[in-house]
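Structural overview
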Amino acid sequence: MSAHIYRGLEGVAFAKTALSEVDGAAGRVTIRGYDLRDLAGKVTFDDIVGLLFQGDLPTPSGRDALAASIREAVTLPFAASAALSRAVAADPMDALRAAAAALPSPSETNAATAISLIGGVAGMITDHHRLRLSEITPPEAPEERSTAAFLLHGVLGRTPTIAQTRALDAYLVTMSEHGMNASTFVARCVISTDSDMVSALTAAIASLKGPRHGGVPGPLLHDLLAIGETSRIEPWVRAQVAQKKRILGFGHRVYKVRDPRAEVLAEAAGELAQTDKEKALLQFVQDFDAITSAVLAEIKPTHKLFVNVELYAALILHLLGIPADLFTPLFAAGRTAGWCAHMIEQHGDNRLIHPEVSYVGARGREI
Ligand SMILES: CC(C)(COP(=O)(O)OP(=O)(O)OC[C@H]1O[C@@H](n2cnc3c(N)ncnc32)[C@H](O)[C@@H]1OP(=O)(O)O)[C@@H](O)C(=O)NCCC(=O)NCCS
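Predicted, not measured: the structure shown is a model, and the values here were computed from it.

**Remarks on the pairing of strand E2 (residues 28–31)**
- Pairing analysis gives 4 bridges linking strand E1 (residues 20–23) to E2, with the strands arranged antiparallel. What sits directly across from glutamate 21, in E2, is threonine 30.
- Once E1 ends, the chain turns through 4 residues before running back antiparallel as E2, passing glycine 27 with a positive phi of about 70°.
- Alignment of E2 against strand E3 (residues 34–35), held across 2 bridges, turns out to be antiparallel. Note on E3: the bridge partner recorded for isoleucine 31 is tyrosine 34.
- Count of turn residues in the E2/E3 antiparallel hairpin: 2 residues, of which arginine 32 carries a positive phi of about 45°.

This is the structure we're talking about:
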């Protein structure tokens, strides 16, 4: 029997969700009914955790309680710490995957497990970074209680400014949840087998890593720094396209207009850029955005290739002073919230995810 083939499962819905809605035609994303443009810059990542797992934005004291619960989970179990030590020389995304796999399997698929995994991922990223620098994390200031401030402190090794914490919050909120995508689908597939949230998290981290999904911003920053000046952007883009290479940070399976997350992060980067050098870099990235959009529209007019979230994600993380190989782990830190919310949703109304393939191989062979 040959079934109709939906390559890449494009346009196929397999479940209902109340978590987020991605409108690819209008260029709009909402999380539990709130437009992302209204959330980012106004609420913190810890607020989004409350929104995803409790259904509503928490009160200030509720947010602080959530942040405290996340902070309790950043201290890793021995097996995960040992995995990080063994992976000290590894790429941070590989180390994160190894340490996640070493977490003990939780018995419950619920919000409490989700909170412990959000804290665990933050702890794994910062512990691995300090380990590879052979540095102990310096003591935190008492006001550094949010998850964004914790991450920045662990990565930068110093107390972040309010502006830096605000910018990382905007980034984590923006990355926290985004409908169905490869890593979220993977997480739901694992849970659909009645497996556990650590297994689903490990699989989701593995699938985020690829350069068609979350592995983009580090190499994209490398491209931007190599191009270096506005006059070299257009010839570079044309050469890439001529060699059939994809321009990182452009194109999206769902958005056929500009990715709304790009505007949110561009605005946050604009607030963060204060020195002449930072403002010049922001202008260069905006030039890259405009020139690449124009060249792609000219060369591939029917493909509808617009900027996606990763261009300004790379910029904002770079402006924060974060090393490029931590860009994808930090994406995972934010998206762990969305992954876990989808795991709980799948678990609550589960049907084993079991698509088909259409067999086109040989038949009737004899030995
Ligand atoms: C994100 C992405 C995987 C979505 O792609 P998709 O929906 O699977 O689209 P397809 O792979 O079917 O590509 C459709 C066409 O657009 C082209 N295309 C897609 N993204 C492109 C890009 N960034 N640069 C140049 N051409 C691109 C493809 O080459 C293909 O052209 P063809 O039909 O002439 O061969 C793709 O746009 C991409 O690889 N972008 C670059 C990586 C990136 O930024 N990823 C982060 C996503 S948030």
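**Things to note about the pattern of salt bridges**
- All chains considered together, the criterion is met by 15 salt bridges.
- Put simply, aspartate 47 and arginine 63 hold a salt bridge, and the shortest N to O gap is 3.6 Å. Of this pair, aspartate 47 sits in helix H2 (residues 45–54) while arginine 63 sits in helix H3 (residues 60–72), placing them 16 residues apart in sequence.
- On the basis of relative accessibility, which here comes to 5%, the residue aspartate 47 falls in the buried class.
- Residue arginine 63 is classed as partly exposed on the basis of its relative accessible area of 24%.
- For the salt bridge of aspartate 64 with arginine 63, the shortest nitrogen-to-oxygen distance reads 3.7 Å.

**Quick notes on the site of the ligand**
- Around the ligand there are 17 residues in total, and Arg246, Ile247, Gly249, Phe250 and Asn308 lie nearest to it.
- Glycine 249 is positioned such that a nitrogen or oxygen atom in its backbone is 2.9 Å from an oxygen atom of the ligand.
- Here the ligand loses 72% of its free accessible area of 860 Å² to cover by the protein chains.
- Of the residues that constitute the shell around the ligand, the class distribution is 6 nonpolar, 6 polar and 5 charged.

**Re the domain arrangement of the chain**
- Domain parsing of the chain yields domain 1 (35–210 + 326–348) and domain 2 (217–319).
- Relative to domain 2, the C-alpha centre of domain 1 lies at a distance of 26 Å.
- Counting residues at the interface gives 18 residues for domain 1, matched by 19 residues for domain 2.
- Summing both partners gives a buried area of about 1400 Å² for domain 1 against domain 2, and 78% of it is carried by carbon and sulfur.
- Here domain 1 and domain 2 share 1 salt bridge between them.
- The partner of glutamate 271 in a salt bridge is arginine 166, and the shortest N-O contact between them spans 3.3 Å.
- Among the secondary structure elements, those contributing two or more residues to the side of domain 1 that touches domain 2 are helix H1 (36–39), helix H8 (162–175) and helix H16 (327–348).
- With 9 residues, H8 is the largest single contributor of residues to the side of domain 1 that touches domain 2.
- Tallied by class, residues from the side of domain 1 that touches domain 2 come to 11 nonpolar, 4 polar and 3 charged.

**Here we look at the side chain of aspartate 223**
- Along the chain, aspartate 223 falls in helix H11 (residues 217–227).
- At 8.4 Å, lysine 245 is the nearest oppositely charged side chain to aspartate 223, a buried residue that forms no salt bridge.

**Here we look at the sheet that holds E2**
- In spatial order, the strands read E1-E2-E3; together these 3 strands make up an open sheet with antiparallel pairing. The sheet terminates laterally at E1 and E3, the two strands that pair on one side only.

The rules we used
Per chain, residues are indexed from 1 in the order of the written sequence. At least 70 in pLDDT is required for a residue's local features to be given in this predicted model, at least 80 for side-chain atom pairs to be given and counted, and no such filter applies to totals for whole chains, interfaces and linings, which use all residues. The basis for every side-chain value is the complete set of non-hydrogen atoms in the structure, without hydrogens or water. Two strands are said to pair when DSSP picks up at least two bridges between them. The secondary structure listing takes helices from DSSP runs of H or I that are at least 4 residues long and strands from runs of E that are at least 2 residues long, numbered from the N terminus. Criterion for a salt bridge: a side-chain nitrogen of Lys or Arg within 4 Å of a carboxyl oxygen of Asp or Glu. Residue burial is assigned from relative accessible area. The probe radius is 1.4 Å, only protein chains are included, and a residue is buried under 20% of its type maximum, exposed over 50%, and partly exposed in between. We define proximity as follows: a residue is near a molecule or strand when any one of its heavy atoms falls within 4 Å of that partner. Distance and chemistry together define a polar contact, namely a pair of N or O atoms within 3.5 Å, with one atom able to donate a hydrogen and the other to accept it when in protein, and with adjacent residues in sequence counting only for side-chain atoms on both sides. Where accessible areas are quoted, they stem from the Shrake-Rupley method and a 1.4 Å probe; at the residue level, only the protein chains shown are allowed to cover. Gly is placed with the polar residues, together with every amino acid not listed as nonpolar (Ala, Val, Leu, Ile, Met, Phe, Trp, Tyr, Cys and Pro) or charged (Asp, Glu, Lys and Arg). These domain boundaries are the output of an automatic or database domain assignment. Contacts are residue-level and defined by heavy atoms, with any inter-residue pair within 4.5 Å sufficient. Buried area: the accessible area, evaluated with a 1.4 Å probe, that two parts lose upon being put together, summed over both parts. The charge count includes Lys and Arg as positive and Asp and Glu as negative, but it does not include His or the ends of the chains.

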